[in-house]
Amino acid sequence: MPPTRRPRPASTSAQPNAVVATVPAPSPSPWLQVLIGQGGIQAFRPPTSSSSSLAVLSVDTEPKTRPSVLLGTAGCGNNWSTGYTLAPSRVLSAIRSHVERDDTWHGCVVAFSAAGGTGSGVGSRTLVELRDAYPKARLVAATVLPFAQVGETAVAAYNSVLAIATAVESADAVVTLANDHLDLVAGGKGWDAMNAVARAVMDDAILSLAGTRGRADWIPQVCPLAACNVLNVGWAGPYKVYPSQPPDTLAAVKSLCRNTRAVRSEPARPGCIAALLAASDHFPLSPSWSSPLVEKKLATRLFFAPHLAAEHGTVPLYHCEQRARRRPTASLAVVHNSAATVTADLAHVAVSATRRWHARAFLHQYPDSVAQGWIPEACEKVWEVADAYRWVTAPEAG
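Cut-offs and rules
- Residues numbered from 1 in each chain as written.
- Predicted model: local features only at pLDDT ≥ 70, side-chain atom pairs only at ≥ 80, totals over all residues.
- Heavy atoms only, no water.
- Helix = DSSP H or I, 4+ residues; strand = E, 2+ residues; numbered from the N terminus.
- Buried < 20%, exposed > 50% of the residue type's maximum accessible area, 1.4 Å probe, protein only.
- Contact = heavy atoms within 4.5 Å.
- Phe/Tyr/Trp six-rings, centres within 6.5 Å; stacked < 30°, edge-to-face > 60°.
- Lys NZ or Arg CZ within 6 Å of the ring centre and 35° of its normal.
- 1 Å grid on protein atoms, 1.4 Å probe; cavity = no way out; pocket = protein on both sides within 12 Å on 5 of 7 lines; lining within 4 Å.
- Points joined across faces, edges and corners; volume = space filled by probe spheres on them.
- Nonpolar A, V, L, I, M, F, W, Y, C, P; charged D, E, K, R; others polar.
- Patch = residues over 30% accessible without salt bridge, like charges linked within 9 Å, V, L, I, M, F, W, Y side chains within 5 Å.
- Areas by Shrake-Rupley, 256 points an atom, 1.4 Å probe, with all protein chains shown as cover.
- Salt bridge = Lys/Arg side-chain N within 4 Å of Asp/Glu carboxyl O.
- Lys, Arg positive; Asp, Glu negative; His and termini not counted.
- Charge placed at Lys NZ, Arg CZ, Asp CG, Glu CD.
- Expected span 1.5 Å × (residues − 1).
- Axes fitted to C-alpha atoms, helices over the stretch in contact; angles between N-to-C directions.
- Parallel < 35°, antiparallel > 145°, perpendicular 65-115°, else oblique.
- Left-handed = near helix turned anticlockwise from the far one by under 90°.
- Pairing = 2+ DSSP bridges.

1. Details of the overall build of the protein
Line of reasoning, step 1. Secondary structure summary: the protein contains 13 helices and 11 strands in total.
Line of reasoning, step 2. Looking at the 398 residues of the protein, the share that counts as buried comes to 58%.
Line of reasoning, step 3. Here the contacts in the protein between residues at least 6 apart in sequence split such that 81% fall between residues at least 24 apart.

In structure tokens, the structure reads:
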């Protein structure tokens, strides 16, 4: 069966044959950024220079990260099931307290690392509880995936597949940041540099869109199909901006393309469903800014699937401008829904978890219900998402 279509907002007036559409920006609406676990807090905690005005709630099971909500002092032992069953009411109560204080609240960005026990377990449970408590709210999950070859722990594959399977079912959009790609963009300079890149991606792409898009109109635009809601992010910046020296658009676009993972998986087969370009408002004011140049470069890199535009009424590339930043820096980010990168990320997690499960490796660390039921079901769910992407981007699907 083909994936179901996600309803699009009535205000969207995109033309199927267009390349770029400017989405009207509603009035700013607050979101809540929920950072879970040591990995999520260290990777996504906004710096003091952040341009985002979103409220931040941090959750951890160890006091060393100084979280807003402390669920314990001994951690979760890298065990998804421990985190999943650990005081979900306390996290939801803290979120509800924020929601009740703000009548304009629209949703949450839940950020965590998929490899650890706290991030994957508490993060999964938080998404489930939020979806049950607020079925109409927008939920975006931002998760860091472990290294493909090494992994951080022996059970990282199990934790990751359980977290991803839960996220794709509960969240409206799931933004995946692979450690391999973060390390590449950071130049192989270690964890601190990788965390800096992750924070910049969160601040310049996900949170800026959430903060300026109101009810997150960009989600149904980039995720027109409910079954294909896993996103990747490319980013370039930050670039210092001076009154007499605007940012170099050409250099920024080249860096953006270099930091955006190519999505071609097979020759002559398109792989990108849709994308959204988020540009700091410094760039359109620059004399060197050229929308056709940006469109051409990104179209070559992303390799859009043209048959989807006619079938689902979408445009390949949307464009929006971020709010003015507090500091004189500029950045470019592209949030793209691409089959090749998604299937590659999901495949390495599902393959690793499936192989370990068949070998019965480390299953003794989980309860029988999780080891014998939840893990294989999660692997099956992840494979279903990967198959949905293959079906959608196949030329014959149109």
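Now that the structure has been shown, the text picks up again.
2. Observations regarding the side chain of T260
Line of reasoning, step 1. Tracing the sequence through the fold places T260 in the loop between helix 9 (249–259) and strand 9 (272–279).
Line of reasoning, step 2. The residues touching T260, leaving out its near neighbours within four places in the chain, are G234, R301, L302, V334 and H336.

3. Things to note about the packing of aromatic side chains
Within a pair of aromatic rings, the relevant descriptors are the distance that separates the centres and the angle that separates the planes.
Line of reasoning, step 1. Inspection of every chain in the model, using the stated rule, returns six aromatic pairs.
Line of reasoning, step 2. Look at W80 and Y84: their rings are 4.6 Å apart centre to centre, the planes differ by 20 degrees, and that puts the pair in the stacked class. Of this pair, W80 and Y84 both sit in helix 2 (residues 80–84), four residues apart, roughly one helical turn. No difference in accessibility class separates W80 from Y84, as the two residues are buried.
Line of reasoning, step 3. Members of the aromatic cluster, each reached through a chain of ring pairs, are W80, Y84 and W374.
Line of reasoning, step 4. Positioned over the ring face of Y84 is R125, at 5.0 Å from the centre of the ring.
Line of reasoning, step 5. Stacked on the ring of W357, the Lys or Arg R360 has its end atom at 4.9 Å from the ring centre.

4. Description of the environment of A115
Line of reasoning, step 1. As for its position among the elements, A115 is in the loop between strand 5 (107–113) and helix 4 (117–133).
Line of reasoning, step 2. Separated by 76 residues in sequence, A115 and G39 place their C-alpha atoms 8.7 Å apart.

5. Overview of unusual backbone geometry
Line of reasoning, step 1. Phi angles above zero are rare outside glycine, and R66 is one such case at about 55 degrees.
Line of reasoning, step 2. Residue position: R66 is located in the loop between strand 3 (55–60) and strand 4 (69–70).
Line of reasoning, step 3. Residue F362 is not a glycine yet carries a positive backbone phi of 65 degrees.
Line of reasoning, step 4. Inspection of the secondary structure assignment puts F362 in the loop between helix 12 (339–358) and helix 13 (368–393).

6. Observations regarding empty space enclosed by the protein
Line of reasoning, step 1. Counted according to the given criterion, the structure contains three cavities of 30 Å³ or more.
Line of reasoning, step 2. In this structure, the largest cavity spans a volume of roughly 80 Å³.
Line of reasoning, step 3. Those elements giving two or more residues to the lining of the largest cavity turn out to be strand 7 (173–178), helix 6 (179–185), helix 7 (191–212) and strand 8 (230–240).
Line of reasoning, step 4. In terms of residue class, the lining of the largest cavity is made up of eight nonpolar, five polar and one charged.
Line of reasoning, step 5. Forming the boundary of the second largest cavity are G83, Y84, L86, P88, V91, V122, R125 and T126.
Line of reasoning, step 6. For the lining of the second largest cavity, the secondary-structure elements that each account for two or more residues are helix 2, helix 3 (88–101) and helix 4.
Line of reasoning, step 7. Among the elements that line the lining of the second largest cavity, the one with the most residues is helix 4, at three residues.
Line of reasoning, step 8. The residue makeup of the lining of the second largest cavity, split by class, is five nonpolar, two polar and one charged.

7. Overview of the environment of A43
Line of reasoning, step 1. Counting through the fold element by element, A43 comes out in helix 1 (residues 37–44).
Line of reasoning, step 2. On the basis of relative accessibility, which here comes to 4%, the residue A43 falls in the buried class.
Line of reasoning, step 3. With 156 residues separating them in the primary sequence, A43 and R199 have C-alpha atoms 5.9 Å apart.

8. Examining a negative patch on the surface
Line of reasoning, step 1. Residues E169, E377, E380 and E384 make up a contiguous surface patch of negative charge.
Line of reasoning, step 2. When residues in the negative patch are grouped by element, the largest group, three residues, is from helix 13.
Line of reasoning, step 3. One can find E380 in helix 13.

9. Considering helix 4
Line of reasoning, step 1. If you check helix 4, its first and last C-alpha atoms are 23 Å apart, about what 17 residues at 1.5 Å a residue would give, namely 24 Å.
Line of reasoning, step 2. The element helix 4 is extensively covered by neighbouring structure, given that 12 of its 17 residues are classed as buried.
Line of reasoning, step 3. When we look at burial in helix 4, the residues that qualify are G117, T118, G119, S120, G121, V122, G123, S124, T126, L127, L130 and R131.

10. So, the packing of helix 3 against helix 4
The relative placement of two packed helices is expressed as an angle between their axes plus a distance between the axes.
Line of reasoning, step 1. Packing of helix 3 against helix 4 leaves a shortest axis separation of 10 Å and a crossing angle of 55 degrees. Considering their axes alone, helix 3 and helix 4 lie oblique with respect to each other. Of the two possible hands of crossing, helix 3 and helix 4 adopt the one that is right-handed. Judged by residue contacts, P88, V91, L92 and I95 of helix 3 engage V122, R125, T126, E129, L130 and A133 from helix 4.
Line of reasoning, step 2. When its residues are assigned to classes, the contact of helix 3 with helix 4 shows seven nonpolar, one polar and two charged.

11. Considerations on the pairing of strand 5
Line of reasoning, step 1. Counted residue by residue, strand 5 has seven buried out of seven residues, so it is predominantly covered.
Line of reasoning, step 2. Burial of the side chains of strand 5 extends over both faces: G107, V109, A111 and S113 are buried on one face and C108, V110 and F112 on the other.
Line of reasoning, step 3. Sheet analysis places strand 2 (residues 32–36) next to strand 5, joined by five bridges and oriented parallel. Within strand 5, the residue paired with V34 across the bridge is V110.

12. What to know about the layout of surface pockets
Line of reasoning, step 1. Of the volumes computed, that of the largest pocket is approximately 580 Å³.
Line of reasoning, step 2. Lining the largest pocket are 29 residues, with Q38, G39, N78, S113 and G116 positioned closest to its centre.
Line of reasoning, step 3. When residues of the lining of the largest pocket are traced back to their parent elements, those giving at least two are helix 1, helix 4, helix 6 and helix 7.
Line of reasoning, step 4. For the lining of the largest pocket, the element with the highest residue contribution is helix 1, accounting for six residues.
Line of reasoning, step 5. Among the residues forming the lining of the largest pocket, the class breakdown is nine nonpolar, 17 polar and three charged.

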